[in-house]
Amino acid sequence: MLYVVDTYKGIFLVNEKNEIVDFEEWDIDRMERAIDGPSAETHGDILHRHNEEYVFEILPAGDIEVNYRIADPGELKSKRAVVWRYLIEKKGFSRVREENKKHATEMTRREMSHAFEARDRLIGAFSDLISQHDKTFNAFAMKIRECYTFHFPELDKIVADHQAALKIIAHGTRESLNLDILQEMGFPEEKAREILRAATSSIGAPFNKKDMDVLSMSARVALALKENRDEIARRVEEAAQEIAPNLSAIAGPTLAARLIAIAGGLKRLARMSASKIQVLGAEKALFLSLHGSKKPPKHGIIFQHPLVHGAPAWQRGKIARALAGKLAIAARVDANSGTYVADKLLEKLMSRVEEIRKLPPPKKKPKIKSRKKRKKKKRGGRK
Amino acid sequence: MSEERKVEEIFPGVYKIGQKIATRNLVPGQRVYKETLFTVDRVEYRSWEPRKSKLAAAIMLGLKSFTFAKNSTVLYLGAASGTTVSHLSDIITDGMIVAVEFSPRPYRDMLPMAEKRPNIVPVLADARLPHRYRMFLGVADIIYIDIAQADQASILAKNAHYYLKKGGYAYFAIKARSIDPVKPADTIYKEQLNLLRKEGFELVESIDIDKYEKEHLMAVLKYE
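Residues numbered from 1 in each chain as written. Chains lettered and ligands numbered in written order. Predicted model: local features only at pLDDT ≥ 70, side-chain atom pairs only at ≥ 80, totals over all residues. Heavy atoms only, no water.

### Structural notes on the overall build of chain B
- Assigned secondary structure in chain B consists of six helices and 12 strands.
- The burial tally for chain B puts 58% of its 224 residues in the buried class.
- Long-range pairs, those at least 24 residues apart, make up 59% of the contacts in chain B with a sequence separation of at least 6.
- For chain B, the accessible area works out to roughly 9,400 Å², and carbon and sulfur atoms hold 49% of it. (Helix = DSSP H or I, 4+ residues; strand = E, 2+ residues; numbered from the N terminus. Buried < 20%, exposed > 50% of the residue type's maximum accessible area, 1.4 Å probe, protein only. Contact = heavy atoms within 4.5 Å. Areas by Shrake-Rupley, 256 points an atom, 1.4 Å probe, with all protein chains shown as cover.)

Structure below.
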């Protein structure tokens, strides 16, 4: 009977008399594959050198093709003690500790990047889900409102916001509305009165209860969809801050999540150049500019950042470039499980933005009247 | 900044300076959390905050069984951001702390700290699956467990069966609310300790650290 003791250094075989019978060294990759348990791949060689019954600490992770049993709890303790004592005697405690630490740290690094890897792609997928939610919600809300138009056609002109209109539809017929209920829904007094006036004098037909109930349910489902969308958005924000704190600090968590989504993962985003990040999301425009004579896009999805869309048109390109530069750095730090450097990055970014903001608007070039340009002036009429 | 302060070693590696406790900084000049660094007689100490570390809280409230020695091998379950781990690292200068944590997030803060300290072996794993870190530990002298999980007692038992030497000690930080949101804390403590008695543990000392951490108990147990 031979006991199998796995260590950072390799596999030891110990017999019942506490003697070390065999040893096989392994590298970190093989050790990583053995974490869940021994297998032919990780332990095959050494185990086939002997013809004994083996005692494992844990169930084999794959086919093992040898006689074995699983140790009782604590049975391997003394064997493990023997092995470690041997290692320490041979190499000295400091050396053993150092090597052990090195292996464990590397394993931890790998585990951490696995843990974050799945997570960042999930955030990307969630981000896409939110976009889908928005599209679905809009289409759904419109159709529901169309149905309600048979009963209360004036509502569409008074209430533009889908969510607000849906609250009314979820509540029921126009006859069932009153000031209190409308105000509870969040309408300001004046608006509520306007709705009520229209409701009482509406030219729409009364709604049969069954029809109203069914439509009301649709409205509730649509509202629930919106709520779910908002919850997902909150979750995405939280998660973006967790896995990419620097990127979230500079781009804002929502935009950070979108960038990760488009890139297909945090690692991929980190590999991108700043110029690529600048136009992520504007692929169509980019394609057209490279393959035709159109001007290249100045910004892709980073347009959503307040620094970019809040700036006057002639500054946007420069700001987008500066922002993308810092985003690239932030993504790299985050992907490599680094520290929090966002403060320093933001400082540098803002000082660059201040410089850009001081630039005067460019002078308009005098328009050269060319025949081609003339033809573009369509002023009605035919063709 | 040198000062005329009396430094009293209350346990090996644990110093009482005035009303506070501290450990000797293994990495002088480096702060781990927001603790105070101060120098007395050219030796730099890190103040050990009872509000940040349950072990410190227990010591401040009169813990007598402090079995950590300079060369102990400690299995630390629930390393989190490494606050208590760092102080044990100060103390166990010639020992080894295998610091197990499940969540990658706090571990991110812990890694840079652990890097500078040769006696910390970082492991990202679920303490419910002790076989996943069998490569990094032979036999432990002490298990320190501070994880807010309902099944923490069974996690401790499992790890003890795997790794704790006969006659080894376990430091068990019990968070009552992690076990049951409603039951009175004392009942919970009793039940947990009973569970452990059945697993071969003998209670050596227990300190109620409610003063620093609401509804927490630090239990010191011996493993037969």
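### What about the packing of aromatic side chains?
Residues and elements named next belong to chain A.
- Within this structure, the stated rule accounts for 16 aromatic pairs over all chains.
- Arranged with centres 6.3 Å apart and planes meeting at 55 degrees, the rings of Tyr148 and Phe152 form a pair that is tilted.
- For Tyr148, a relative accessible area of 1% translates into the label buried.
- Note that Lys79 overlies the ring of Tyr3, its terminal NZ or CZ placed 4.8 Å from the centroid.
- For the cation-ring pair, Lys226 lies above Phe137, with the distance from its terminal atom to the ring centre recorded as 5.6 Å. (Phe/Tyr/Trp six-rings, centres within 6.5 Å; stacked < 30°, edge-to-face > 60°. Lys NZ or Arg CZ within 6 Å of the ring centre and 35° of its normal.)

### Comments concerning the packing of helix α3 (residues 77-91) of chain A against helix α4 (residues 93-149) of chain A
Residue and element names in this part refer to chain A.
- Following both chains from N to C, one finds α3 and α4 inclined at 115 degrees, their axes separated by 6 Å at the closest point. For the pair α3 and α4, contact is made by Trp84, Leu87, Ile88 and Lys91 and by Phe93, Arg95, Val96, Glu99 and Asn100, respectively.
- Class assignment for the residues of the contact of α3 with α4 results in five nonpolar, one polar and three charged. (Axes fitted to C-alpha atoms, helices over the stretch in contact; angles between N-to-C directions. Nonpolar A, V, L, I, M, F, W, Y, C, P; charged D, E, K, R; others polar.)

### Let's talk about the pattern of salt bridges
Residue and element names in this part refer to chain A.
- Tallying each qualifying case throughout the model produces 37 salt bridges over all chains.
- As a salt-bridge pair, Glu242 and Arg119 come within 3.1 Å of each other at their nearest N and O atoms. Highlighted residues: Glu242 in helix α9 (residues 209-243) and Arg119 in helix α4, separated in sequence by 123 residues.
- Judged by its relative accessible area of 25%, Arg119 is partly exposed.
- Close ionic contact of Lys143 with Glu146 constitutes a salt bridge, the shortest N to O distance being 3.6 Å. Placement of both Lys143 and Glu146 in helix α4 is noted, with a separation of three residues, approximately one turn of the helix.
- Residue classification places Glu146 among the partly exposed residues on the basis of a relative accessible area of 44%.
- Members of the salt-bridge network, linked through shared partners, are Lys9, Glu25, Lys91, Arg95 and Glu99. (Salt bridge = Lys/Arg side-chain N within 4 Å of Asp/Glu carboxyl O.)

### Re empty space enclosed by the protein
- Under the defined criterion, the tally for this structure stands at two cavities of 30 Å³ or more.
- Here the largest cavity is characterised by a volume of approximately 60 Å³.
- What lines the largest cavity is simply Ile35(A), Ala104(A), Met107(A), Thr108(A), Glu111(A), Val123(B), Leu124(B), Ala125(B), Arg132(B) and Phe136(B).
- Where the lining of the largest cavity is concerned, the elements lending two or more residues are α4 of chain A together with β8 (120-124) of chain B.
- Here the lining of the largest cavity takes four residues from α4(A), the largest share from any one element.
- Tallied by class, residues from the lining of the largest cavity come to seven nonpolar, one polar and two charged.
- Volume-wise, the second largest cavity comes out at about 30 Å³.
- In this structure, the second largest cavity is lined by Val4(A), Asp6(A), Pro38(A), Phe56(A), Glu57(A), Ile58(A) and Arg134(B).
- Of the residues contributing to the lining of the second largest cavity, the split by class is four nonpolar, no polar and three charged. (1 Å grid on protein atoms, 1.4 Å probe; cavity = no way out; pocket = protein on both sides within 12 Å on 5 of 7 lines; lining within 4 Å. Points joined across faces, edges and corners; volume = space filled by probe spheres on them.)

### Brief notes about the interface of chain A and chain B
- The interface is formed by 38 residues belonging to chain A together with 33 residues belonging to chain B.
- For the pair chain A and chain B, the summed buried surface comes to about 3,100 Å²; carbon and sulfur atoms form 58% of the total.
- The largest per-residue losses of area from chain A upon contact with chain B belong to Lys77(A), Arg97(A) and Lys101(A), which jointly make up 22% of the total buried on that side.
- Between the two partners, chain A and chain B, sit four salt bridges.
- Note that Arg109(A) and Glu115(B) form a salt bridge whose closest N and O atoms lie 2.9 Å from each other. (Buried area = accessible area lost by both parts, 1.4 Å probe.)

### Here's the deal with the layout of surface pockets
- Looking at the largest pocket, its volume works out to about 660 Å³.
- Surrounding the largest pocket, 26 residues form its lining, Thr339(A), Arg108(B), Asp109(B), Pro112(B) and Met113(B) being those nearest its centre.
- No other element matches helix α3 (residues 104-115) of chain B, which puts seven residues into the lining of the largest pocket.
- The calculated volume of the second largest pocket comes to roughly 570 Å³.
- Considering the residues around the second largest pocket, the lining is formed by 28 residues, among which Gly78(B), Ala80(B), Asp146(B), Ile147(B) and Ala148(B) are closest to the centre.
- Those elements that place two or more of their residues in the lining of the second largest pocket are α2 (83-91), β7 (96-101), α4 (152-163) and β10 (164-175) of chain B.
- Residue composition of the lining of the second largest pocket, by class: 11 nonpolar, nine polar and eight charged.

### Concerning the nonpolar core
- Residues Leu269(A), Leu55(B) and Phe68(B) are the most contacted members of the largest nonpolar core, which totals 84 residues.
- In terms of residue count, helix α16 (residues 313-335) of chain A provides more of this core than any other element does, 10 residues in total.
- Setting aside anything within four residues of it in sequence, one finds Leu269(A) in contact with Leu247(A), Leu259(A), Ile260(A), Ala263(A), Ile277(A), Leu280(A) and Ala331(A). (Core = buried A, V, L, I, M, F, W, Y, C linked by side-chain atoms within 4.5 Å.)

### Things to note about unusual backbone geometry
- The residue Asn18(A) is not glycine, and still its phi comes out positive at about 60 degrees.
- Phi is positive for Ala80(B), close to 50 degrees, though the residue is something other than glycine.
- Mapped onto the secondary structure, Ala80(B) falls in the loop between β6 (73-77) and α2.
- Given a relative accessible area of 29%, Ala80(B) falls into the partly exposed group.

### Quick notes on the pairing of strand β3 (residues 20-25) of chain A
Residues and elements named next belong to chain A.
- For strand β2 (residues 10-15) and β3, the ladder comprises five bridges, and the chain directions are antiparallel. Residue pairing across strands places Gly10 opposite Glu25, the latter belonging to β3.
- Between the antiparallel neighbours β2 and β3 lie four residues, among them Asn18 with a positive phi of about 60 degrees. (Pairing = 2+ DSSP bridges.)

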